[in-house]
Structures are given as structure tokens and as C-alpha cells.
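These are the residues of each chain, in order.
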Amino acid sequence: MMQIDVSTIKQSPGMTLHRELEAPLPALEGAGEIISFVGPARAVLDLTNSGGLLELTGGIQAALQLSCARCLENFVYPVDVPLRELYYPAGAVEPPPEQREEGIPFRGDKLDITPEVLKSILLALPMKAVCRPDCRGLCPVCGQNLNRGRCNCRQEEVDPRLAVLKDLFKH
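Residues numbered from 1 in each chain as written. Predicted model: local features only at pLDDT ≥ 70, side-chain atom pairs only at ≥ 80, totals over all residues. Heavy atoms only, no water.

Draft legend 1. Inspection of the pattern of salt bridges at higher detail. Taken as a whole, this structure holds six salt bridges when the rule is applied. Measuring nitrogen to oxygen at the nearest pair gives 2.7 Å for the salt bridge that ties Arg-148 to Glu-73. Remark: Glu-73 occurs in the loop between strand E6 (54-67) and strand E7 (74-89) and Arg-148 occurs in the loop between helix H2 (114-124) and helix H3 (163-168); sequence separation between them is 75 residues. What makes Arg-148 exposed here is its relative accessible area of 61%. Under the relative-accessibility criterion, Glu-73 is labelled partly exposed at 31%. (Salt bridge = Lys/Arg side-chain N within 4 Å of Asp/Glu carboxyl O. Helix = DSSP H or I, 4+ residues; strand = E, 2+ residues; numbered from the N terminus. Buried < 20%, exposed > 50% of the residue type's maximum accessible area, 1.4 Å probe, protein only.)

Draft legend 2. Main features of the pairing of strand E5 (residues 41-49). A one-sided burial pattern is seen for E5, the buried positions being Ala-41, Ala-43, Leu-45, Leu-47 and Asn-49 and the unburied ones Arg-42, Val-44, Asp-46 and Thr-48. Across eight bridges, strand E2 (residues 16-23) lies against E5 in antiparallel orientation. By the bridge assignment, Leu-21 is partnered in E5 with Ala-43. For E5 and E6, the ladder comprises eight bridges, and the chain directions are antiparallel. Bridge pairing in E6 places Thr-48 opposite Glu-55. Linking E5 to E6, which pair antiparallel, is a turn of four residues; within it Gly-51 sits at a positive phi near 70°. (Pairing = 2+ DSSP bridges.)

Draft legend 3. Geometry of the environment of Ser-7. When you line up the elements, Ser-7 lands in the loop between strand E1 (3-5) and E2. Note: C-alpha distance between Ser-7 and Leu-111 (104 residues apart in sequence) is 9.5 Å. Here the side chain of Ser-7 touches Asp-5 through a polar contact of 2.8 Å, side chain to side chain. (Polar contact = N/O pair within 3.5 Å; in protein donor to acceptor, adjacent residues only side chain to side chain.)

Taken by themselves, the reported measurements are silent on function.
Dropping the structure here:
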């Protein structure tokens with residue numbers, strides 16, 4: 001878990017804390033697969049008390065193990081994502097509505113930023129992760145990983161949308 005002690009800063013408007021954190025994070029579930037971290041995630045953050053609100057800014061770096069959408073091989077995917085969140089003490093004076101909508105309430109002297117870190121990482125993942133831009137994928141006939149070598153399948157390059165027309169010309 002990534003936590004920041006806010007006992008001194010929450011009482012001191014205008015104060016800024018700089019923190020560098022490193023912690024293992026739990027696996028994520030995204031696009032129907034379990035995404036695990038390779039090693040701990042690293043955060044470089046500034047936390048500023050701006051009159052009752054705590055503004056967190058900085059970045060997160062981590063390495064994830066993903067499965068390639070083309071060849072299905074596992075690979076390490078590095079992420080470097082920005083993080084910006086607003087926190088306000090729960091039960092204290094209510095912040096203005098616009099800050100309440102984008103702010104996150106917290107209690108006590110520890111600010112657990114793990115959920116927001118995980119959310120930012122998940123949002124930064126590509127829709128279709130590929131191990132490399134020129135990944136050739138799998139043979140649609142035999143399943144051979146075409147990055148490792150060619151297969152002996154005879155493949156006709158026919159657009160699947162036009163495959164029905166191919167039968168018309170056989171007569």
C-alpha cells in the first residue's frame with residue numbers, strides 16, 4: 001500500500017511535502033485478464049495544503065506483465081503516469097460542491113493513495129497491448145507464433161468481408 005502521513009500538513013495551510021514512495025501493489029483486473037506488477041511501483045509526489053484541501057501531484061512508475069493481443073506471449077510493459085488528486089477531511093467543513101465532486105474524502109493522519117494509483121495505471125493501459133509494434137501474431141490456421149518462425153499453412157490473403165464472393169467465381 002502507498003500511504004502518506006498527513007498529520008503535520010493538514011494543520012498547515014500553504015505547506016508542501018515532497019515524498020518518494022516505493023511499494024508492491026496488488027494485481028489489477030482489466031479487459032478480462034489479471035494484470036500483475038513486476039516489482040514495486042514507484043511514486044514521486046508533492047502534497048500541498050491549499051486551505052483545507054490537500055492537492056497531490058506527481059507521477060507513478062511501474063512495470064506490468066501483460067499478454068500480447070496478437071501473439072498471446074507475456075511481456076513487461078512499463079508505465080509512467082501522472083497523478084493529480086484532491087483530498088479533503090471527511091466530516092470537516094464541507095468544501096464547495098465543485099471540489100466535493102472531484103475531491104476524495106479522507107479520515108485520520110494517513111492518506112492511502114493506493115486506489116487512485118491503481119486507477120491511474122489502469123486508465124493508462126492501451127486497449128490492445130502488443131509486445132512490440134511489428135508483432136506478427138499467430139497463424140489463423142495452425143496457431144504458430146509467427147514471430148518465432150513461419151508455418152507451412154497455405155494462406156490466401158482474402159479479406160473476410162469478401163470471402164463470400166470467392167465462391168461465386170468457382171462456377
